[in-house]
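Here is how the chains run, residue by residue.
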2 protein chains.
Amino acid sequence: MKKTIITISREFGSGGRTIGKNVAEKLGIPCYDKELIEELAQTTGFSKKYIEEQGEYAPTKSPFSYAFVGRNIDGMSVGDYLWNEQRKKILELAEKESFVIVGRCADYILREREDVLNVFVHAPVAERAKRIVEVYGETAVAPEKRLRDKDKKRAINYHYYTEQEWGRAQNYHLTLDSSAFGIEGCVDMICNIVKRENEN
Amino acid sequence: MKKTIITISREFGSGGRTIGKNVAEKLGIPCYDKELIEELAQTTGFSKKYIEEQGEYAPTKSPFSYAFVGRNIDGMSVGDYLWNEQRKKILELAEKESFVIVGRCADYILREREDVLNVFVHAPVAERAKRIVEVYGETAVAPEKRLRDKDKKRAINYHYYTEQEWGRAQNYHLTLDSSAFGIEGCVDMICNIVKRENEN
């Protein structure tokens, strides 16, 4: 296989993470997501949960946001510092191997490269609500509200670090409604693109 | 083949219309685009050029826009009247046959149906600029400006009639960057989805 990097951005509950894992498995390449967080936890000393939260949910651009951040590193908020560390790690990985990466604004971070396929996965609210209850279980908060909150946070995080609009078709080579094609349908489509690319 | 309707929305110069025509040819079904305009010209008596312009470029929502419209039909502006006639025609066609339809807000008009695949085709500005010069020739206006103007008009038209955002991934089952996959690559992907659907 030619060196290929596949970035997967996804709405919460759309199955995007599963699609990423399955594509990686089929192509025999690693899938990065939480793994990056674990590595960062080791190198920075922060807890995994803390990094995960900082990674998905950027602060607002309010001038007061820094005031409420407990720690500062090199003049950056901890969130910005971790984002930057993660960014460096992603750029480094891209130099040496093929992989799938889920989230982390990787489409934006790797925008200068020509060996990257950027995919966005979404699905209607009703389908995603059903899925998050199946996968993560019920909580006191209605699934529709959990979706809205998490999507909103991801959109803000993406916009904060990329100045681009999350979910805008033009940011991606391919966007897929997973409810129309099914998880395996999406996996096949992505793998076929990579196979076709390798034939040329 | 099961009855299937494929709607193609597209950025100007992305090759979306060609993709639509080629998909229709491969599947052996009609492709509607200008054909609808010809039919409307016959039934309404307006010129084809006039209908085409009204169809692509909606008035603004300014309360003054009606004042400047020369004719009114059934209390509607001519643009709204034609849009509505076109809408009725599209719904009628969907009842009886498989087809590909390019533009015309057909994704929105057919939103209640379950046998519709909605596709949006886009490409980076530089690629589209090259393509419109190849396909439509040079004009006094720079290709980048022609793209911006036409995309803007389509976005306004789409929003006026659908209250949705043009090019938002969530409005479509599939969005494709034609510069990444090529015209024939996009055609194959769409045809494979239809074939897969027919096997199930």
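Structural notes, computed from the coordinates.

### Regarding the interface of chain B and chain A
A common way to express how large an interface is: the accessible area buried when the components associate. With 23 residues of chain B in contact, the opposing surface of chain A contributes 23 residues. For the pair chain B and chain A, the two sides together bury roughly 1700 Å², of which 52% comes from carbon and sulfur. Between chain B and chain A we count two salt bridges in total. Between R196 of chain A and D188 of chain B there is a salt bridge whose closest N-O contact spans 3.0 Å. Summed over the shared surface of chain B and chain A, the result is 13 residue pairs in polar contact (both at pLDDT 80 or more). Where the side of chain B that touches chain A is concerned, the elements lending two or more residues are β6 (116-122), β7 (174-177) and α8 (178-199) of chain B. Residues of the side of chain B that touches chain A, tallied by class, amount to 10 nonpolar, six polar and seven charged.

### Side note on the relation of the copies chain B and chain A
Mapping chain B onto chain A leaves a residual RMSD of 0.0 Å; the transformation is a rotation of 180° accompanied by 0.0 Å of translation along its axis. Taken together, the rotation and translation relating the two chain copies correspond to the operation of a two-fold axis.

### Considering the packing of aromatic side chains
Aromatic ring pairs are described here by two measures, namely the spacing of the ring centres and the angle between the planes. Tallied over the full model, the rule gives 12 aromatic pairs over all chains. With 4.4 Å between their ring centres and 5° between their planes, W83 of chain A and Y161 of chain A make a pair best called stacked. Taken together, the residues span a long stretch of sequence, with W83 of chain A in helix α4 (residues 78-96) and Y161 of chain A in helix α7 (residues 143-162) at a distance of 78 residues. One exposure class covers both W83 of chain A and Y161 of chain A, and it is buried. When the centroid spacing of 5.5 Å and the interplanar angle of 90° are considered together, the rings of F120 of chain A and W166 of chain A count as edge-to-face. Placement of F120 of chain A in strand β6 (residues 116-122) and of W166 of chain A in the loop between α7 and β7 (174-177) is noted, with a sequence separation of 46 residues between them. Of the residues examined, W166 of chain A reaches a relative accessible area of 14% and is grouped as buried. Sitting over the face of the ring of F12 of chain B, K150 of chain B holds its NZ or CZ atom 4.7 Å from the ring centroid.

### What to know about helix α6 (residues 125-136) of chain B
Residues and elements named next belong to chain B. Over its 12 residues, α6 extends 16 Å from the first C-alpha to the last, a length consistent with the 16 Å expected when each residue adds 1.5 Å. Every buried residue of α6 is listed here: R128, A129 and I132. The buried side chains of α6 occupy one side of the element, clustering within an arc of 105° when seen end-on. Exposed and oriented more than 90 degrees from the buried face of α6 are A126, K130 and E134. Packed against the buried residues of α6 are α7 (143-162). Of the residues one or two after α6, G137 is the one with positive phi, at around 85°.

Rules and cut-offs
Residues numbered from 1 in each chain as written. Chains lettered and ligands numbered in written order. Predicted model: local features only at pLDDT ≥ 70, side-chain atom pairs only at ≥ 80, totals over all residues. Heavy atoms only, no water. Contact = heavy atoms within 4.5 Å. Buried area = accessible area lost by both parts, 1.4 Å probe. Salt bridge = Lys/Arg side-chain N within 4 Å of Asp/Glu carboxyl O. Polar contact = N/O pair within 3.5 Å; in protein donor to acceptor, adjacent residues only side chain to side chain. Helix = DSSP H or I, 4+ residues; strand = E, 2+ residues; numbered from the N terminus. Nonpolar A, V, L, I, M, F, W, Y, C, P; charged D, E, K, R; others polar. Least-squares fit on C-alpha atoms with pLDDT ≥ 70 in both. Phe/Tyr/Trp six-rings, centres within 6.5 Å; stacked < 30°, edge-to-face > 60°. Buried < 20%, exposed > 50% of the residue type's maximum accessible area, 1.4 Å probe, protein only. Lys NZ or Arg CZ within 6 Å of the ring centre and 35° of its normal. Expected span 1.5 Å × (residues − 1). Arc of directions from axis to C-beta.

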